[in-house]
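Each chain, written out:
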Amino acid sequence: MNTITPAVAQDLLANGATLVDIRSADEYAREHIAGAQRLDVAALQAEQFTAPVIFHCRLGQRTRQQAARLRASVRADVAAYLLDGGIEAWKQAGLPVVRDRSQPLELQRQVHIAAGSLIILGALLGATVSPWFYGLCALVGAGLVFAGVSGFCGMAVLLAKMPWNQKASR
């Protein structure tokens, strides 16, 4: 599948192409390109698209990783493209996006912030109060390793239940 620039994508969209955002619902709710459909890669069906389609994510990595599956969702005689650089390249090109700052940060970013904060806190308390606080760093690190290996992140589950995340469009 060919990659295209935001300018080329804009021209294709003006001529009837479909724009598909494969990011998570919380990412899409906070910011998306106007007119983009948000679809889960896992929900795509073979030959689902019958008109030219442009797939995008945040930076282009997810679309490149899923290129074969995305291509399979488009009829063989229909053009399919990946937006090079994703929504971030779209914004850098000065093209408009729809933003809803009332939506919470993406859950993955919240996990990064919480895990990093707990590690810093454990290190500071370990150095100044008691070496036992280094255990907090080890616990968070073990949780991150477990999440990476198993695909289950307990911190993400906990954060998703927080009140500020209940208003996210899912």
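What you are looking at is a predicted structure, and each value in this text was computed from that prediction instead of being measured. (Residues numbered from 1 in each chain as written. Predicted model: local features only at pLDDT ≥ 70, side-chain atom pairs only at ≥ 80, totals over all residues. Heavy atoms only, no water.)

## Quick look at the overall build of the protein
Here comes step 1: Tallying secondary structure elements over the protein gives 8 helices and 7 strands in all.
Here comes step 2: Since a compact globule built from 170 residues should have a radius of gyration of about 15 Å, the 20 Å found for the protein marks it as more spread out than a globular shape.
Here comes step 3: Considered along the principal axes of its C-alpha atoms, the protein spans approximately 65 × 30 × 25 Å.
Here comes step 4: Classification of the 170 residues of the protein by burial places 36% in the buried group.
Here comes step 5: Accessible surface, the protein: about 9700 Å² in total, of which carbon and sulfur atoms supply 59%.
Here comes step 6: The protein carries 16 positive and 12 negative side-chain charges, and their two centres are separated by 6 Å. (Helix = DSSP H or I, 4+ residues; strand = E, 2+ residues; numbered from the N terminus. Rg over C-alpha atoms; globule rule 2.2 N^0.38 Å. Buried < 20%, exposed > 50% of the residue type's maximum accessible area, 1.4 Å probe, protein only. Areas by Shrake-Rupley, 256 points an atom, 1.4 Å probe, with all protein chains shown as cover. Lys, Arg positive; Asp, Glu negative; His and termini not counted. Charge placed at Lys NZ, Arg CZ, Asp CG, Glu CD.)

## What about the pattern of salt bridges?
Here comes step 1: In total, this model carries 9 salt bridges according to the counting rule given.
Here comes step 2: Here E88 makes a salt bridge to R58, at a shortest N to O gap of 3.8 Å. Pair noted here: E88 is in helix α5 (residues 86-92) and R58 is in the loop between β5 (53-56) and α3 (61-65), with a separation of 30 residues, a long-range link.
Here comes step 3: In this structure E88 comes out as partly exposed when scored by relative accessible area, which is 24%.
Here comes step 4: The class for R58 is partly exposed, based on a relative accessible area of 39%.
Here comes step 5: A salt bridge links R109 to E106, with the shortest nitrogen-to-oxygen separation between them at 3.2 Å.
Here comes step 6: Its relative accessible area of 43% is what places R109 among the partly exposed residues.
Here comes step 7: Several salt bridges share partner residues, and in doing so they unite E31, R58, E88, K91 and R99 into one network. (Salt bridge = Lys/Arg side-chain N within 4 Å of Asp/Glu carboxyl O.)

## Details of the UniProt feature "domain: Rhodanese" (unreviewed entry) in the protein
Here comes step 1: Taking the numbering used here, the UniProt-annotated feature "domain: Rhodanese" (unreviewed entry) corresponds to residues 13-99.
Here comes step 2: The distance separating the terminal C-alpha atoms of residues 13-99 is 20 Å; by composition the span is 30% helix and 21% strand. (UniProt positions renumbered as here; feature names shortened; annotations may be inferred.)

## A closer look at the domain arrangement of the protein
Here comes step 1: What the domain assignment lists for the protein is domain 1 (2-99) and domain 2 (107-169).
Here comes step 2: Computed over C-alpha atoms, the centres of domain 1 and domain 2 are 32 Å apart. (Domains from an automatic or database assignment.)

## Here's the deal with the sheet that holds strand β4 (residues 37-38)
Here comes step 1: In spatial order, the strands read β1-β6-β5-β2-β4; together these 5 strands make up an open sheet with parallel pairing. Every interior strand has two partners, whereas the edge strands, β1 (2-4) and β4, have only one.
Here comes step 2: Pairing analysis gives 4 bridges linking strand β2 (residues 18-21) to β5, with the strands arranged parallel. Counterpart to L19 in the pairing with β5 is I54.
Here comes step 3: Its contacts with the sheet put helix α1 (residues 6-14) on β1, β2, β5 and β6 (80-83), and the angle it makes with β1 is roughly 95°. (Pairing = 2+ DSSP bridges. Contact = heavy atoms within 4.5 Å. Axes fitted to C-alpha atoms, helices over the stretch in contact; angles between N-to-C directions.)

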